[in-house]
Structures are given as structure tokens and as C-alpha cells.
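Single-letter residue listing:
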Amino acid sequence: MLEHLKTQPADKILMLMQSYREDPRTTKIDLGVGVYKDPTGLTPVMRAVKAAEKKIWESQDSKSYVGLAGDPAYLDAMVGLVLNKTVAREQVAAVATPGGTGAIRQALELIKLAAPEATVWLSAPTWPNHPSIIKYLGMKMTEYRYFDEATRGVDFDGMLADLQGLKSGDVVLLHGCCHNPTGANLTAAQWQEVIALLKAKGAVPLVDIAYQGFGDGLEADAAATRAVVAGMDECLIAASCSKNFGIYRERTGILMAVARDTAEAKLAQANLAFLNRQNYSFPPDHGARIVSTILNDAVLRADWEAELEEIRNTMLGLRKQLADELRRLSNSDRFDFVASHRGMFSRIGTTPEKVEQMRVDNGIYMVSDSRMNIAGLNNQTVPILAKAIIDAGI
Ligand code: LMR
């Protein structure tokens, strides 16, 4: 049987992780996978996470199953963190998932159950695993313009023009904040235009929010998602705790389905629990319990928020330093977009050949589409990257 398997396409982000590991150069710089690193290159366990784990260890007296949807305390805490009080809790169906990817996967499976003919619209570009999972599930997909290669901002006119082609019931995948891979984001006014268009077309938004707290702050980063929920009848939201709680390997995510009323929310809830059962039965609990322990303890929550702000400000500082250095070296303002992009990533906007050249010549690892993880830099490596960018003729 196994001999009939075909070789599957490799994920370019994971491939890059592997080749970085294998590079013996001590001067190499990892700007690949979206993982936060402090200035010493470590991905720390956040203080509040350590404290929550201790609290759990001391008080937990069973590892028995929780529930198909996950721990209700986690679900409530996360609905609160992402949506605050935008909508009544009874209108939100929610399940814990293995990471944000698990939430995306369950969202797509829910769409398949409810509207198998729907086309899923993706920003061009988007996180490569989005189209990969959609293709794997055999669903229809298409793209809308998003990134303006010239300005490295959002091609908003192109986006609106393409979304004019939406059919009623189509699904539009939107990045709630910190667009991955570009770092270019819609303004609040642009979000309102997109919401009005989706509503007029009868489309359903699927918001992927994986970096809440990494852009403009926890509340500001949730504003667009909340605006979508407030402005639409129905909405799916896939959220991740991997980055903002730094619990990548614990696989902690949540899928929320905001329904028009309580009865539809109950139906969605039952379907989400069914999907969990079919795919992996009970979702992982440890990361979810860390999150609810932090969010429901005023002291831990304040410390988590403070550390998240430190992380966010470190990345903003690196953005500014890099933009300044590139301004100095290029004697132009053409790289100022680096300072206005938000989140972990910026797409520098060059060819895969030049990205490869920087890897070979300077040991700088960024994704072939020229996405760089700002958090992979520190004050010492920023000038090295800036020089490499200019030397490569970007
Ligand atoms: C990324 O975009 O680098 C992260 O979301 C990690 C991943 O799984 O690809």
C-alpha cells in the first residue's frame, strides 16, 4: 500500500527552518518561521505562562477528558479576549483546537458541511498553509488582490475590485491584524468598506487572527475582528495563542462561529463538537488551561499583558532601526514601509533569486517570497541585514 503514496509538496517555511538548522555558519540570521525571539535569540517561556503552569501543577488533580469542545473556562476567556462584548456570548459557538492551524482546518470543514459549493477567497499573498489546506480538502478557492508590490502597502482598489466578484455564500478569508506574510494592513476606514461590501454581497468572513497583541496592542489588534462581527450577520474566527502566549508547541487555538441567533449558534456548536470528534476527539488541554489561568487571574493577566507589550515594543524598535538604517544606506525613503508595517513580518519585496543570494552570501534566511520575521533580528544584526539588502540591489 505505502508504495502508492506520492511525494507531497514541501512547506516552504518548514523547509527553511530545516536548512537554517543545517547551516554551520555562526553568523547566520534566522528571519524565517514566525516565532518570537528575544535579542539573545531565545524564544522565552513567558513569565505568566511559567507561573500558570506552576499553579496548574499544584492544583490539578486529574488528567481525565474535559469535553469535546474543550474547557468552557478557556472558551469564555478567549471569546472575551478576542471579541470582548461585541456580541452576546450565546450567539458564539466555540471549540478549542490544536493551534490556529487547527482552527482554520475546522473552520474550512464547517464550511464544507454547511456550504460545500462555496468558494474561499484568499488574499494574494496569504499564509501558504491556507491554500494548501483548502486544496487538500478539495474546496474551491480564488484570490483577491491585496499587496501592492510598488508601495509595499495594501492594494485597496485592487482588493475592492476583485471582491466585487463575490457570490452570495462565498467565504472571504481576512487576516484580523498583522497580515502574514506582508505586514501591510487595512485602515479602520478600509475595514468598514470591506465589511459593507461583504454584507452587500452576502459573503461570509473567515477571520484569521494569529498575532493579536503583536501589532498595535491587544485591544487595537482586535478592533477589525470586532468590527467584522458587529457589521456582519455571521462570521467565523480562527484565533491562535501560539504567538501572543508564546506556547507554540502546546497547540492552542480556538474557532468561533458567530451566528445570527442562539438557536443557530447551538447548531453550529454541535457541528463543531462533531468535527472535533471526527478529527481528533478531545482537543489538547494544557495550553488552553494555561491561557484561561492567566486570563482569569488579575495579577497573571497584568504581567502577561506587560510582557506582551515588551515584545511588541521590541519589534517596533527593530522596525524603526531597520527603516532608519535602510534610509541611510539607500539615501532614500523607499524602505520606510518597514516602520509602518505591523506584526511579526514584513515583505521586503524582491525576487526569490535575491533572497537566495542573501542566504548564500550572508547566511540570512528569509522566506523565498521575501517575507522576513522582524523578531529574528536584534540591534547588532539590523545593520548586517540592511547592508545585505542594499548589496543585493533590492
Ligand atoms: C509562520 O507563518 O511562520 C507561522 O505561522 C508558523 C507556521 O506554522 O507556518
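Residues numbered from 1 in each chain as written. Predicted model: local features only at pLDDT ≥ 70, side-chain atom pairs only at ≥ 80, totals over all residues. Heavy atoms only, no water.

**Student:** Would you explain the overall build of the protein in this entry?
**Tutor:** Check the secondary structure of the protein and you find 14 helices and 11 strands. Computed over its C-alpha atoms, the radius of gyration of the protein comes to 21 Å, within 12% of the 21 Å expected for a compact globule of 394 residues. Burial statistics for the protein: of 394 residues in total, 54% are counted as buried. Here the contacts in the protein between residues at least 6 apart in sequence split such that 75% fall between residues at least 24 apart. As displayed, the protein offers around 17,600 Å² of accessible surface, 54% of which is attributable to carbon and sulfur atoms. Of the charged side chains in the protein, 43 are positive and 47 negative, and the gap between their average positions amounts to 2 Å. (Helix = DSSP H or I, 4+ residues; strand = E, 2+ residues; numbered from the N terminus. Rg over C-alpha atoms; globule rule 2.2 N^0.38 Å. Buried < 20%, exposed > 50% of the residue type's maximum accessible area, 1.4 Å probe, protein only. Contact = heavy atoms within 4.5 Å. Areas by Shrake-Rupley, 256 points an atom, 1.4 Å probe, with all protein chains shown as cover. Lys, Arg positive; Asp, Glu negative; His and termini not counted. Charge placed at Lys NZ, Arg CZ, Asp CG, Glu CD.)

**Student:** What is the right way to look at the site of the ligand in this model?
**Tutor:** Every residue close to the ligand is listed here: Ile 13, Val 33, Gly 34, Trp 127, Asn 180, Tyr 211, Lys 243 and Arg 371. Between the ligand and Gly 34, the relevant distance is 2.7 Å, taken from an oxygen atom to a main-chain nitrogen or oxygen of the residue. At 3.1 Å from an oxygen atom of the ligand is found a side-chain nitrogen or oxygen belonging to Lys 243. Relative to its unbound accessible area of 260 Å², the ligand is 80% covered by the protein chains. If you map the ligand onto the pockets, it falls in the largest pocket. (Near = heavy atom within 4 Å. Polar contact = N/O pair within 3.5 Å; in protein donor to acceptor, adjacent residues only side chain to side chain. 1 Å grid on protein atoms, 1.4 Å probe; cavity = no way out; pocket = protein on both sides within 12 Å on 5 of 7 lines; lining within 4 Å. Sits in = over half its atoms within 2 Å of the grid points.)

**Student:** How do you make sense of the layout of surface pockets when you look at a structure like this?
**Tutor:** Taking a probe equal in size to a water molecule and rolling it over the atoms shows the remaining empty space. In this structure, the largest pocket spans a volume of roughly 570 Å³. Looking at the largest pocket, it is lined by 28 residues, and the ones nearest its centre are Thr 101, Trp 127, Tyr 211, Lys 243 and Arg 251. At the level of secondary structure, the elements contributing two or more residues to the lining of the largest pocket comprise helix H1 (12-22), helix H4 (99-114) and helix H5 (129-136). For the lining of the largest pocket, the leading source of residues is H4, giving four residues. Each residue belonging to the lining of the largest pocket can be placed in one class, and the counts come to 13 nonpolar, 10 polar and five charged. Residues from two domains meet in the lining of the largest pocket; each of domain 1 (10-44 + 310-391) and domain 2 (65-296) gives at least three. (Points joined across faces, edges and corners; volume = space filled by probe spheres on them. Nonpolar A, V, L, I, M, F, W, Y, C, P; charged D, E, K, R; others polar. Domains from an automatic or database assignment.)

**Student:** Is there a simple way to think about the side chain of Ser 242 in this case?
**Tutor:** Here Ser 242 shows up in the loop between strand S7 (235-240) and strand S8 (253-258). For Ser 242, a relative accessible area of 5% gives the class buried. Once residues within four sequence positions are removed from consideration, Ser 242 is found in contact with Ile 247, Tyr 248, Arg 251 and Thr 252.

**Student:** Would you mind going over the packing of H4 against H5 with me for this structure?
**Tutor:** Working note: a packed helix pair is described by the angle between its axes plus the distance between those axes. Two numbers describe how H4 lies on H5: the axes approach to 10 Å, and their chain directions differ by 40°. Relative to H5, H4 is oriented oblique. Between H4 and H5 the crossing geometry is right-handed. Residues Thr 101, Ile 104, Arg 105 and Leu 108 of H4 lie in contact with H5, whose contacting residues are Asn 129, His 130, Ile 133, Ile 134 and Tyr 136. In terms of residue class, the contact of H4 with H5 is built from five nonpolar, three polar and one charged. (Axes fitted to C-alpha atoms, helices over the stretch in contact; angles between N-to-C directions. Parallel < 35°, antiparallel > 145°, perpendicular 65-115°, else oblique. Left-handed = near helix turned anticlockwise from the far one by under 90°.)

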